[in-house]
Number of protein chains: 2
Amino acid sequence: MSLRIALLGLLSTSGPGSGYDLAKAFERSINYVWHAGHSQIYPELAKMAADGLVTVEAQGTRGRKTYAITDQGSEELHRWLTGHRPAPPVRSEGALLAFLLPLLDPAEAIGVLSTLEAEMTARLHELEQLRALKRSAQVPPRGGLYALDFGIRSARTGLEWIRATADDIAARATPGDAGA
Amino acid sequence: MSLRIALLGLLSTSGPGSGYDLAKAFERSINYVWHAGHSQIYPELAKMAADGLVTVEAQGTRGRKTYAITDQGSEELHRWLTGHRPAPPVRSEGALLAFLLPLLDPAEAIGVLSTLEAEMTARLHELEQLRALKRSAQVPPRGGLYALDFGIRSARTGLEWIRATADDIAARATPGDAGA
DNA sequence: CGCCCCATGTAATAAGTTACATGATTTT
DNA sequence: AAAATCATGTAACTTATTACATGGGGCG
């Protein structure tokens, strides 16, 4: 369902486009929010056309089809955005790792956390640069900015958790002690 | 893959159990970290037994099988925990909503955010109570606590984002203005 | 004996991933 | 003309969801 919404959202903000365009748009703009590859996008667009949510606005050279959102598609999108969803079931690899971390001995656990810390730091920098770029480019759709902001806050929180957890594990491993 | 890991983790922390036990354990302990229903658990356990990660330790009345983790299973679990994974592709309904929020007019967007705020607040309270309970019960596996801590931090961050975004939208809707 | 909960499973469908296949256009 | 890349699609497989099916065991 959400893939449809993402596609409708892109068609709505950026105007009509082909499957290829949408796949590119995914990579560029919405990828850190919802990921999909072209092999998922093409069939989904076909189904959406069959359901009347989009129309084939134009047929270009080699099978290129330009899709545009229909009124029905806009309604569907609006309904999804305003209708409140029950929280989707949680399925987070990071949290699973957190849960199972104490199965490792302290040194190993801290090693894992420090790898994670490096990755998370890199991701945070990446997102912050992206935001700086977007701000200066003054690209009007603010959606990207709100979502980026969300990503940046999440990354910062992740880092804080990593550090706090590593500290806790270290403290427990050497209680009231100073050596390694 | 991660379902296997979750199951191996539970067998490793809580000892042998049947499919039913594990399904219960999922609901009780690991559910806010990784969700799975019994219809996914039973077949997966069978495959894991075929792969030598678990063994059927005992057969009880009516087809009840008690599974136990094998050495090979422990190794697999250990490998997953220490081997560093590339970040899985992002797919977050919340972030997608954030991305598409500006498609709504300001009043609608703020309405959506306030619904979200209520839900997120409820979730936060729930997790905080769970943590209080776990702390007082002094249940030894710390994993639950680290994961809970992660969940609580994430919920708090979510709330902050919701409030900041609502404020931003409100400020833009009535620039330099005081009325509604 | 009938009802309810325990307990295990299968089937059908949906969603997502990875790999394969194909041909047109632009660039060098 | 060859190479790169644009552009569209399909196939096979894995993972997850929802619904259906079945039967034992305890209890009133």
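Rules of the game
- Residues numbered from 1 in each chain as written.
- Chains lettered and ligands numbered in written order.
- Predicted model: local features only at pLDDT ≥ 70, side-chain atom pairs only at ≥ 80, totals over all residues.
- Heavy atoms only, no water.
- Helix = DSSP H or I, 4+ residues; strand = E, 2+ residues; numbered from the N terminus.
- Rg over C-alpha atoms; globule rule 2.2 N^0.38 Å.
- Buried < 20%, exposed > 50% of the residue type's maximum accessible area, 1.4 Å probe, protein only.
- Phe/Tyr/Trp six-rings, centres within 6.5 Å; stacked < 30°, edge-to-face > 60°.
- Lys NZ or Arg CZ within 6 Å of the ring centre and 35° of its normal.
- Near = heavy atom within 4 Å.
- Polar contact = N/O pair within 3.5 Å; in protein donor to acceptor, adjacent residues only side chain to side chain.
- Least-squares fit on C-alpha atoms with pLDDT ≥ 70 in both.
- Domains from an automatic or database assignment.
- Contact = heavy atoms within 4.5 Å.
- Buried area = accessible area lost by both parts, 1.4 Å probe.
- Nonpolar A, V, L, I, M, F, W, Y, C, P; charged D, E, K, R; others polar.
- Expected span 1.5 Å × (residues − 1).

By the naming in an unreviewed UniProt entry, chain A goes by DNA-binding PadR family transcriptional regulator and is assigned to Sphaerisporangium krabiense.

J.: Would you mind showing me how to read the overall build of chain A here?
T.: Helix and strand counts for chain A stand at 7 helices and 2 strands. Along its sequence from the N terminus, chain A presents helices and strands in the succession α-α-α-β-β-α-α-α-α. For 180 residues, the compact-globule formula gives about 16 Å, and the C-alpha radius of gyration of chain A, at 22 Å, lies well above that figure. Oriented by its inertia axes, the alpha-carbon framework of chain A measures out at about 70 × 35 × 35 Å. Here chain A holds 180 residues, and the buried ones make up 39% of them.

J.: Mind showing me how you'd approach the packing of aromatic side chains here?
T.: If you walk through the whole model with that rule in mind, you get 2 aromatic pairs over all chains. Ring geometry for Phe150 of chain A and Trp161 of chain B: centres 5.4 Å apart, planes at 80 degrees, overall edge-to-face. Note that Phe150 of chain A is positioned in helix α7 (residues 143–173) and Trp161 of chain B in helix α7 (residues 143–173), a pairing that runs across two chains. Phe150 of chain A sits in the partly exposed class, given a relative accessible area of 22%. For the cation-ring pair, Arg85 of chain A lies above Trp80 of chain A, with the distance from its terminal atom to the ring centre recorded as 4.3 Å.

J.: Looking at this structure, how should I read the protein's contact with DNA strand D?
T.: Lining the immediate environment of DNA strand D, one finds 18 residues, of which Tyr20, Lys65 and Arg91 of chain A together with Ser39 and Gln40 of chain B sit closest. Among atoms of DNA strand D positioned within 4 Å of the protein, sugar and phosphate together represent 69%. For DNA strand D, a phosphate oxygen lies 2.8 Å from a polar atom in the side chain of Tyr42 of chain A. Ser39 of chain B is positioned such that a nitrogen or oxygen atom in its side chain is 2.7 Å from a base oxygen of DNA strand D.

J.: Just to check I follow, could you spell out the relation of the copies chain A and chain B for this structure?
T.: The operation linking the two copies of the chain is a rotation about an axis combined with a translation along the axis. Rotating chain A by 180 degrees about the axis while translating it 0.0 Å along that axis superimposes it on chain B, leaving an RMSD of 0.0 Å. Both copies of the chain, as the preceding transformation shows, are related through a two-fold rotation axis.

J.: Looking at this structure, I do not really get the domain arrangement of chain A. What am I missing?
T.: Many analyses report the size of an interface as the accessible area lost when the parts associate. Assigned domains of chain A: these are domain 1 (2–82) and domain 2 (93–173). Between the C-alpha centres of domain 1 of chain A and domain 2 of chain A there is a distance of 31 Å.

J.: Could you clarify how one ought to interpret the interface of chain A and chain B in this entry?
T.: Contacts between the two partners involve 59 residues from chain A, matched on the other side by 58 residues from chain B. Between chain A and chain B, a total of about 5500 Å² is buried, with carbon and sulfur atoms accounting for 71% of that surface. At the boundary of chain A and chain B, one finds 15 residue pairs in polar contact (both at pLDDT 80 or more). Of all the secondary structure elements, the ones that give two or more residues to the side of chain A that touches chain B are α1 (2–14), α2 (19–30), α4 (71–82), α5 (93–100), α6 (106–137) and α7 of chain A. Tallying contributions element by element places α7 of chain A first for the side of chain A that touches chain B, with 16 residues. Considering only residue class, the side of chain A that touches chain B consists of 29 nonpolar, 18 polar and 12 charged.

J.: Would you explain the protein's contact with DNA strand C in this entry?
T.: If you check the shell around DNA strand C, you find 18 residues, and the closest are Ser39 and Gln40 of chain A together with Tyr20, Lys65 and Arg91 of chain B. Here, DNA strand C places atoms within 4 Å of the protein, and 69% of those atoms are sugar or phosphate. Here a phosphate oxygen of DNA strand C sits 2.4 Å away from a polar atom, N or O, in the side chain of Lys65 of chain B. Tallying contributions element by element places helix α3 (residues 38–50) of chain B first for the surface near DNA strand C, with 3 residues. Residue composition of the surface near DNA strand C, by class: 5 nonpolar, 8 polar and 5 charged.

J.: It is not clear to me how helix α6 (residues 106–137) of chain B should be interpreted in this structure. Could you clarify?
T.: Residues spaced three or four apart along an α-helix point in a common direction, a consequence of the helix completing one turn every 3.6 residues. Look at α6 of chain B: 46 Å from first C-alpha to last across 32 residues, which is about the 46 Å you get at 1.5 Å a residue. All buried positions along α6 of chain B are accounted for by Ala109, Val112, Leu113, Leu124, Leu127 and Arg131 of chain B.

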